[in-house]
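Read off the chains here:
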Amino acid sequence: MGSRDPLDQADLTRRAGERWARVQVVAETGSTNADLLHDETAPDRSVLVAEVQTAGRGRFDRTWTSPSGAGLTLSVLVRPTVLMSGWGWLPLLAGVAVAEAVSEVAPQLEVALKWPNDLLLARAGGLPGKAAGILVQSAEDAVVIGIGLNVSTSADELAVPGATSLALCGAEVDRADLAEVLLRRLDARYAQWADCNGDAEAAGLAMAYRELCATIGSDVSVATGGTELVGSAVDVDPAGRLVVDVEGELHAVAAGDVHHIRAAGR
Ligand code: BT5
């Protein structure tokens, strides 16, 4: 099956299983995140997949662009009942699930996460490229986790030079298989986290994240709230914040853009 064949809603609903309450596939929309955020009737554990978005969102009002059928563009809505203090882990949880799903379907790829949740893939003879981005937004009791993942995107279709895709890194993957595995991994990580009342350490999530995260152990510059921190990233804290050592002083960063100056020796 060609990897740009449209996804089939009935097939994906069946593959997703009963752990996901509602699975919708649309040919085109503005933003799957915006749609679920504004859908007050969306049940807990709704999934919305679009073949293409015309107003795909990144963090900090940036954009996400991907040609129709070239990637996976989806959002899930959950209504967590755990303490809100643990919600900061949801973006990182999604990153772990995406990395695990890509590793399952394409074990030959070398995956890593850049804090908070960019999926990086190793590229022959160059720096790692960004193959997936995650945007988590909340509205009252609902949290929407949006995932954009480049699957068959070719070099001339990439949104930015620092981007890459599974295909460009050597993996031909069927999107329906990938979506099925991604929903299973997301469900498993979410269930563990929820069972531990949002405690990422107890859920084994923090450990899994540290193992995947290329930022921890790297020298970094972090643009956060109008300032630039330069130091070494030493850990993530219990709230999912990046801990940066700047000349012996520890700073916990809740949101920002990380640049790896000197990557950790991995
Ligand atoms: C992200 O933001 O990476 C979050 C992207 C989330 C997209 C999903 S798709 C489903 C759901 N619905 C939405 O509307 N959004 C979510 P950020 O870290 O701010 O990175 C955004 C930057 O990534 C852009 O400014 C570009 O430089 C780059 N970019 C845009 N499209 C890309 C792509 N397809 N692949 C790699 N990089 C891309």
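Residues numbered from 1 in each chain as written. Predicted model: local features only at pLDDT ≥ 70, side-chain atom pairs only at ≥ 80, totals over all residues. Heavy atoms only, no water.

Peer 1: Give a description of the pairing of strand 8 (residues 219-224) that names residues and reports values.
Peer 2: Bridge analysis of strand 8 against strand 9 (residues 227-236) gives six bridges, and the strand direction is antiparallel. Bridge pairing in strand 9 links S221 to V230. Taking the residues that link successive antiparallel strands as the turn, the strand 8-strand 9 hairpin has two residues, and the phi of G225 there is positive, at about 50 degrees. Here strand 8 pairs with strand 12 (residues 257-262) via five bridges, running antiparallel. (Pairing = 2+ DSSP bridges. Helix = DSSP H or I, 4+ residues; strand = E, 2+ residues; numbered from the N terminus.)

Peer 1: Could you give me a rundown of the sheet that holds strand 4 (residues 111-114), with the residues and numbers involved?
Peer 2: Within the open sheet, the seven strands sit side by side as 1-2-3-7-6-5-4. Their pairing is mixed. Of all strands in the sheet, those bounded by a partner on one side alone are strand 1 (22-29) and strand 4. If you compare each strand with its neighbour and ignore which way they point, the axes differ by 20 degrees on average. Sheet topology places strand 3 (residues 71-78) next to strand 7 (residues 142-150); eight bridges connect them, and they run antiparallel. (Axes fitted to C-alpha atoms, helices over the stretch in contact; angles between N-to-C directions.)

Peer 1: Report on the site of the ligand, specifying residues and quantitative values.
Peer 2: If you check the shell around the ligand, you find 27 residues, and the closest are S31, R57, R62, T65 and K130. Q53 has a polar side-chain atom sitting 2.8 Å from a nitrogen atom of the ligand. At a separation of 2.7 Å, an oxygen atom of the ligand approaches a polar backbone atom of R57. Look at the ligand: alone it shows 790 Å² of surface, and the protein chains cover 91% of it. Of the residues contributing to the shell around the ligand, the split by class is eight nonpolar, 14 polar and five charged. (Near = heavy atom within 4 Å. Polar contact = N/O pair within 3.5 Å; in protein donor to acceptor, adjacent residues only side chain to side chain. Areas by Shrake-Rupley, 256 points an atom, 1.4 Å probe, with all protein chains shown as cover. Nonpolar A, V, L, I, M, F, W, Y, C, P; charged D, E, K, R; others polar.)

Peer 1: Could you give an account of the nonpolar core, with specific residues and numbers?
Peer 2: Counting 72 residues, the largest nonpolar core has L119 and L149 as its most contacted members. Looking at which element gives the most residues to this core, the answer is helix 3 (residues 90-105), with ten residues. Core analysis: the second largest hydrophobic core is formed by six residues, A42, L48, A142 and V144 among them. (Core = buried A, V, L, I, M, F, W, Y, C linked by side-chain atoms within 4.5 Å. Buried < 20%, exposed > 50% of the residue type's maximum accessible area, 1.4 Å probe, protein only.)

Peer 1: I'd love a proper account of the packing of helix 1 (residues 9-16) against helix 4 (residues 175-195), names of residues and values included.
Peer 2: Two elements in contact, helix 1 and helix 4, have axes whose closest approach is 9 Å; the angle formed by their N-to-C orientations is 35 degrees. In the crossing of helix 1 with helix 4, the sense of the turn from one axis to the other is right-handed. For the pair helix 1 and helix 4, contact is made by D11, L12, R15 and A16 and by A176, D177, A179, E180 and L183, respectively. Its residues assigned to classes, the contact of helix 1 with helix 4 comprises five nonpolar, no polar and four charged. (Left-handed = near helix turned anticlockwise from the far one by under 90°. Contact = heavy atoms within 4.5 Å.)

Peer 1: An account of the sheet that holds strand 9 is needed here, citing residue identities and associated values.
Peer 2: Across the sheet, which stays open at both edges, the five strands sit in the order 11-10-9-8-12 with antiparallel pairing between neighbours. Looking at which strands have only one partner, the edges of the open sheet turn out to be strand 11 (249-253) and strand 12. Averaged over all neighbouring strand pairs, the angle between strand axes comes to 45 degrees, with direction disregarded. One ladder, built from four bridges, connects strand 9 with strand 10 (residues 242-246); its direction is antiparallel. Each bridged residue has a counterpart across the sheet, and for D235 the counterpart in strand 10 is V243.

Peer 1: Describe the packing of aromatic side chains, listing the residues and the values that go with them.
Peer 2: In the structure shown here, the tally under the stated rule is two aromatic pairs. With a centroid separation of 5.9 Å and 90 degrees between ring planes, the pair formed by W89 and Y209 is classed as edge-to-face. Taken together, the positions of W89 in the loop between strand 3 and helix 3 and Y209 in helix 5 (residues 205-212) put the pair 120 residues apart, joining distant regions of the chain. Comparing W89 with Y209 shows no difference in burial state: the two are buried. The side chain of R45 reaches across the aromatic face of W20, ending 4.7 Å from its centre. (Phe/Tyr/Trp six-rings, centres within 6.5 Å; stacked < 30°, edge-to-face > 60°. Lys NZ or Arg CZ within 6 Å of the ring centre and 35° of its normal.)

Peer 1: Got a sec to walk through unusual backbone geometry? Specific residues and values, please.
Peer 2: Of the consecutive residues W115 and P116, the connecting peptide bond is found in the cis state with omega at 0 degrees. Mapped onto the secondary structure, P116 falls in the loop between strand 4 and strand 5 (118-121). For N197, which is not glycine, the phi torsion reads 55 degrees and is therefore positive. On the secondary structure map, N197 appears in the loop between helix 4 and helix 5.

Peer 1: Give me helix 4: which residues, what numbers.
Peer 2: With 21 residues, helix 4 ought to run about 30 Å at 1.5 Å a step, and its terminal C-alpha atoms sit 30 Å apart, in line with that. Turning to helix 4, its buried residues are R175, A176, L178, A179, V181, L182, L183, L186, D187, R189, Y190 and W193. In this structure, the buried residues of helix 4 make contact with helix 1, strand 2 (46-53), strand 3, helix 3, strand 7 and helix 5. A positive backbone phi angle near 55 degrees is found at N197, which sits one or two residues after helix 4. (Expected span 1.5 Å × (residues − 1).)

The values reported here are purely geometric and, on their own, carry no functional implication.
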